[in-house]
Amino acid sequence: MPELDRKASTIFAGKVVRKDLVRKVKVGAHVPVFVLEYLLGKYCATDDPVAIEAGFKVVNSMLATNFVRPDEANKAQSFVREKGKHTLIDKVKVRYLSDDDKYWAEFVGFGHQHVHIPDHYIRQYDRLLMGGIWAQVELRHEYDEEARGKRSPFWIDSLKPIQLASFDLEEYRRGRREFSCDEWIDLLIRSIGMEPSHFDRRLKLLFLTRLIPLCEQNFNLVELGPRGTGKSYAFQELSPYAILLTGPTTVANLFYNMASGKIGLVGLWDAVAFDEVADLQKMPKEVVTTLKTYCESGTFARGKDALSGAASLALFGNTNQPVEIMVRSSHLFAPMPEVIREDMAFLDRLHFYLPGWEVPKMRIEYFTDHYGFVVDYLAEALRELRRHNFTEVIDRHFSFGSHLNARDVKAVRKTVAGLVKLIHPDGEMTKDELAELLDLALEGRRRVKEQLKKLGSFEYSQTSFSYIDAETREERYVGVPEEGGRDLISTDPLAPGSVYAGAVDDQGRAGLYRLEVGCASGTGKLRVAGGIDGTMKESIQRAFAYIQGHKVEMGIAQAVDNTDFHIEAIDLLANRVPCDAGIGLVVAIYSAIRKQSARPGLLILGDLSIQGNIKAVRSLTEPLQLAMDNGARRALIPIENKRHFLDVSADIMERVDPVFYSDPLTAAMKALGMT
């Protein structure tokens, strides 16, 4: 037996199971993994192949005789009637009917909605009332003689949830101390059914990050990636304390039902996961509004009451494009539904963005044949750890850099706390081990922040996340592979007729466009491509009218009269910020006619009136920050904006050279490097 299997089966005797046995039974049984492992841990917790085979037969026999398939419901009901008593493994739900003033249990597989249940089970297991639980139930058939309303011949004599009766956290922590950090991570990876030898260290940590909502209260996780990577597996199979929503829901179901006075899912479950985040688009708008408040503070208001919940949230979604294309053409929240895709207040409340595109699609060889925790035992450990707070462990060795605001710090602390609970449940770790977790937490939060910056709001511009060693005072910066879509502005010369133009709207959001002008023989007409409308179309038409009126002084009269100009504008950030691109169009047409490229790495700002008066931009800070983040070397700026340079930070001025102009022709000539 391999060393890790030997240690696991010795130190956690009866609490580990061979995962290949689970898969063998799972193929023929439609029950959750924690149900199977409960049975296998009970009957197959040994190294003896003969005993394992015998236990295997017992489990298969129990599933064959006690587990009821929905299409065999009538047969099972008849069997209970003839036998008088029978033990079932089924999912049990309970609802209260006011007409009968009575609680009724519903058996999903057994197919009966009116089964008598003793009230003490409802008080003991309140999840019966919301979503239901899997349980081993002893069912009795007896004529109902005392019924005041609905009659039912089925009675519950015994109900035992398929989960541990008790859990000792200190025993779990003592067991952890017998393993090295690498061994413990591998054991956790095997506990979720994967073979760690196929994955590098980073990928193992990403797998564990998926479990943070199960052990950290009010943690908000988002994972967007390709299909088939097991995003929602942990919430569907690994814990009886998590619920996976596979369709639209309501405020009453999710938060609080004012009619019945019952708390919703966030008060009854440890974690609530949305299997397909696109379903939010189909839900009432108040769901998203309430969700926004809940994600921030764990509280929400319904009616006159302010309520709270401890459930963590996980949002899963599928990407349809490679990440490289998303980064260059839009942002990494593009797969989100429209209702939250550009809701920056909501997105800013997400604590960690897990890069799902780094997780491989599941293949047979990735599944383990070794020992891992019975998932029910692991689920109890994670649930118990939710009561403990590890958010201050970072302060032992590190402090945060200046670019992290209060919401960033909260997100990073909660992520690190969750990873510590998973990997170091006793809170003991080396400085290097803590730094590794802090690196990952900062990266996941920065990925959220980078996308908010790309959406165009200057308030999210500070994304140079770092942490400082308390002893050496050395500052370490943490990046993300995407780096916010840098180099959208090419440092190589564009083709003649192509320029970059920027603008800022009245809400402080910056936009970035590439204008492309194509020339064809004609009579001096302007043809605007579809997609250009509103204020941008008006500014382009004004600029072209100015060119028509001043073509002689600009020295391009003959070319303008004999050419038709086709204009296209590409929204590089896909944030639909309107752009007053009048000067950009003048430069683009001048460049196309002269057949000379604009200077490389140049961003053009400013607009003009029909008479050629220069219109300054509202603010320089946002567009110049955008220019710097996306590779610009210089910016063409109206002279009227010179006074705004006092607001521009020193690091922007060091990296982006200002080029001022006072009239359209000067702007065109400076842009082409002719003066």
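Further up the page is the structure itself.
For the structure given in this document, a descriptive report is provided here.

Quick notes on the rules
Residues numbered from 1 in each chain as written. Predicted model: local features only at pLDDT ≥ 70, side-chain atom pairs only at ≥ 80, totals over all residues. Heavy atoms only, no water. Helix = DSSP H or I, 4+ residues; strand = E, 2+ residues; numbered from the N terminus. Buried < 20%, exposed > 50% of the residue type's maximum accessible area, 1.4 Å probe, protein only. Contact = heavy atoms within 4.5 Å. Areas by Shrake-Rupley, 256 points an atom, 1.4 Å probe, with all protein chains shown as cover. Pairing = 2+ DSSP bridges. Axes fitted to C-alpha atoms, helices over the stretch in contact; angles between N-to-C directions. Polar contact = N/O pair within 3.5 Å; in protein donor to acceptor, adjacent residues only side chain to side chain. Expected span 1.5 Å × (residues − 1). Parallel < 35°, antiparallel > 145°, perpendicular 65-115°, else oblique. Left-handed = near helix turned anticlockwise from the far one by under 90°. Nonpolar A, V, L, I, M, F, W, Y, C, P; charged D, E, K, R; others polar. Salt bridge = Lys/Arg side-chain N within 4 Å of Asp/Glu carboxyl O. Phe/Tyr/Trp six-rings, centres within 6.5 Å; stacked < 30°, edge-to-face > 60°. Lys NZ or Arg CZ within 6 Å of the ring centre and 35° of its normal.

A separate point is the overall build of the protein. Per the secondary structure count, the protein includes 26 helices and 28 strands. Taking the principal axes of the C-alpha coordinates as reference, the protein spans close to 105 × 60 × 45 Å. Relative to its full complement of 675 residues, the protein shows a buried share of 56%. A sequence separation of at least 24 residues applies to 73% of the contacts in the protein between residues at least 6 apart. Carbon and sulfur atoms form 48% of the exposed surface of the protein, whose accessible area is close to 28,100 Å².

One open sheet holds the five strands; their spatial order is S8-S11-S14-S7-S15, and the pairing between them is parallel. The sheet terminates laterally at strand S8 (242–245) and strand S15 (352–355), the two strands that pair on one side only. Averaged over all neighbouring strand pairs, the angle between strand axes comes to 20°, with direction disregarded. Here strand S7 (residues 220–225) runs beside S15; their pairing, made up of four bridges, is parallel. What sits directly across from leucine 221, in S15, is phenylalanine 352. Docked against the sheet, helix H9 (residues 201–209) engages S7 and S15, running at close to 130° with respect to S15.

So, on to the side chain of histidine 114. Here histidine 114 shows up in strand S4 (residues 112–116). One polar contact links histidine 114 to arginine 95, side chain to side chain, over a distance of 3.2 Å. Setting aside residues no more than four positions away along its own chain, histidine 114 makes contact with Arg95, Leu97, Trp104, Ala105, Lys150 and Ser152.

Take glutamate 342: it is sitting in the loop between helix H16 (338–341) and helix H17 (344–347). Measuring from C-alpha to C-alpha, the distance between glutamate 342 and alanine 667 comes to 34 Å, with 325 residues separating the pair along the chain. With residues near it in sequence (within four places) discarded, glutamate 342 still touches Leu455, Ala574, Asn575 and Arg576.

Looking now at the sheet that holds strand S17 (residues 398–400). Within the open sheet, the three strands sit side by side as S17-S18-S19. Their pairing is antiparallel. In the strand order of this sheet, the two ends are held by S17 and strand S19 (475–477), each with one partner. Direction aside, the axes of adjacent strands within the sheet are offset by 30° on average. Bridge count for S17 against strand S18 (residues 466–469) is three bridges, and the pairing is antiparallel. Each residue of the ladder has a partner; that of phenylalanine 398, found in S18, is aspartate 469. Its contacts with the sheet place helix H20 (residues 431–454) against S17, S18 and S19, and it is angled at close to 160° to S18.

So, about the side chain of asparagine 641. Along the polypeptide, asparagine 641 turns up in the loop between strand S27 (634–638) and helix H25 (650–655). The exposure class of asparagine 641 is buried, given its relative accessible area of 0%. From its side chain, asparagine 641 meets the backbone oxygen of valine 617 in a polar contact 2.9 Å long. Of the polar contacts made by the side chain of asparagine 641, one reaches the side chain of histidine 644; its length is 2.9 Å.

Moving on, we come to helix H23 (residues 582–594). With 13 residues, H23 should reach 18 Å at 1.5 Å per residue; the first-to-last C-alpha distance of 18 Å fits that figure. Listed as buried for H23 are Gly582, Ile583, Gly584, Leu585, Val586, Val587, Ala588, Ile589, Tyr590, Ser591, Ala592 and Ile593. One or two steps after H23, the chain reaches lysine 595, where phi turns positive at roughly 55°.

Attention now moves to the packing of helix H19 (residues 406–423) against H20. A pair of packed helices is characterised by two quantities: the angle between their axes and the separation of those axes. Close contact between H19 and H20 brings their axes to 9 Å; oriented N to C, the two are set at 135°. With respect to their mutual orientation, H19 and H20 come out oblique. Remark: the crossing between H19 and H20 carries right-handed chirality. In contact with Arg407, Asp408, Ala411, Val412, Thr415, Val416, Leu419, Val420 and Ile423 of H19, H20 contributes Leu434, Leu437, Leu438, Leu440, Ala441, Leu442, Arg445 and Lys449. Class assignment for the residues of the contact of H19 with H20 results in twelve nonpolar, one polar and four charged.

Turning our attention to the environment of methionine 336. Mapped onto the fold, methionine 336 is located in the loop between helix H15 (323–329) and H16. For methionine 336, a relative accessible area of 1% corresponds to the buried category. C-alpha separation for the pair methionine 336 and aspartate 279, spaced 57 residues apart in sequence, amounts to 9.7 Å.

Attention now moves to the pattern of salt bridges. Pairs can form between side chains of opposite charge whenever their charged atoms are close. This structure, assessed with the given rule, holds 47 salt bridges. Lysine 204 is the partner of aspartate 186 in a salt bridge, and the nearest nitrogen-oxygen pair spans 2.9 Å. Of this pair, aspartate 186 sits in helix H8 (residues 181–191) while lysine 204 sits in helix H9, and the two are 18 residues apart along the sequence. Here the two residues aspartate 186 and lysine 204 agree in accessibility, since each one is buried. Across the pair lysine 449 and aspartate 408 runs a salt bridge whose closest N-O atoms are separated by 2.7 Å. Residue lysine 449 is located in helix H20, and its partner aspartate 408 is located in helix H19; the two are separated by 41 residues in the primary sequence. Like lysine 449, the residue aspartate 408 is buried in the burial classification. A cluster of three or more residues bridged by salt bridges with shared partners is formed by Glu296, Asp348, Arg349, Arg407, Asp408, Arg445 and Lys449.

A few words on the environment of valine 35. Turning to its location among the elements, valine 35 is positioned in helix H3 (residues 33–43). C-alpha of valine 35 to C-alpha of arginine 387: the two residues are 352 residues apart in sequence and 25 Å apart in space. Setting aside residues no more than four positions away along its own chain, valine 35 makes contact with Ile89, Trp134 and Ile162.

As a further point, take unusual backbone geometry. Negative phi is the rule for most residues except glycine; trans is the rule for most peptide bonds. In this model, asparagine 218 sits at a positive phi of 50°, which is unusual for a non-glycine residue. Classification of asparagine 218 by relative accessible area gives buried; the value is 19%. At lysine 595, a position not held by glycine, the phi torsion is positive, near 55°. Here lysine 595 shows up in the loop between H23 and strand S24 (602–604).

On to H3, then. Summarising burial for H3: nine of the eleven residues are buried, a large majority. Taken as a whole, H3 has its buried residues at Val33, Phe34, Val35, Leu36, Glu37, Tyr38, Leu39, Leu40 and Gly41.

What follows is about the pairing of strand S12 (residues 299–302). Here S12 shows one buried face, formed by Phe300 and Arg302, and one open face, formed by Thr299 and Ala301. Here S12 runs beside strand S13 (residues 305–308); their pairing, made up of four bridges, is antiparallel. The residue of S13 that forms the bridge with alanine 301 is alanine 306. The turn linking S12 back onto S13 is made up of two residues, and glycine 303 within it adopts a positive phi angle of 65°.

One pass over the structure, following the stated rule, counts 26 aromatic pairs. Here the aromatic rings of tyrosine 294 and phenylalanine 300 are separated by 6.2 Å at their centres, their planes lie at 55°, and the arrangement is tilted. Across this residue pair, the class does not change: tyrosine 294 and phenylalanine 300 are buried. Chaining the aromatic ring pairs together yields one cluster made of Phe12, Tyr172, Phe179, Trp184, Phe373 and Tyr377. Seen from the ring of phenylalanine 179, lysine 7 lies directly overhead, with NZ or CZ sitting 5.0 Å from the centre. Across the ring face of phenylalanine 660, the terminal group of lysine 642 is positioned such that the distance to the ring centre comes to 5.2 Å.

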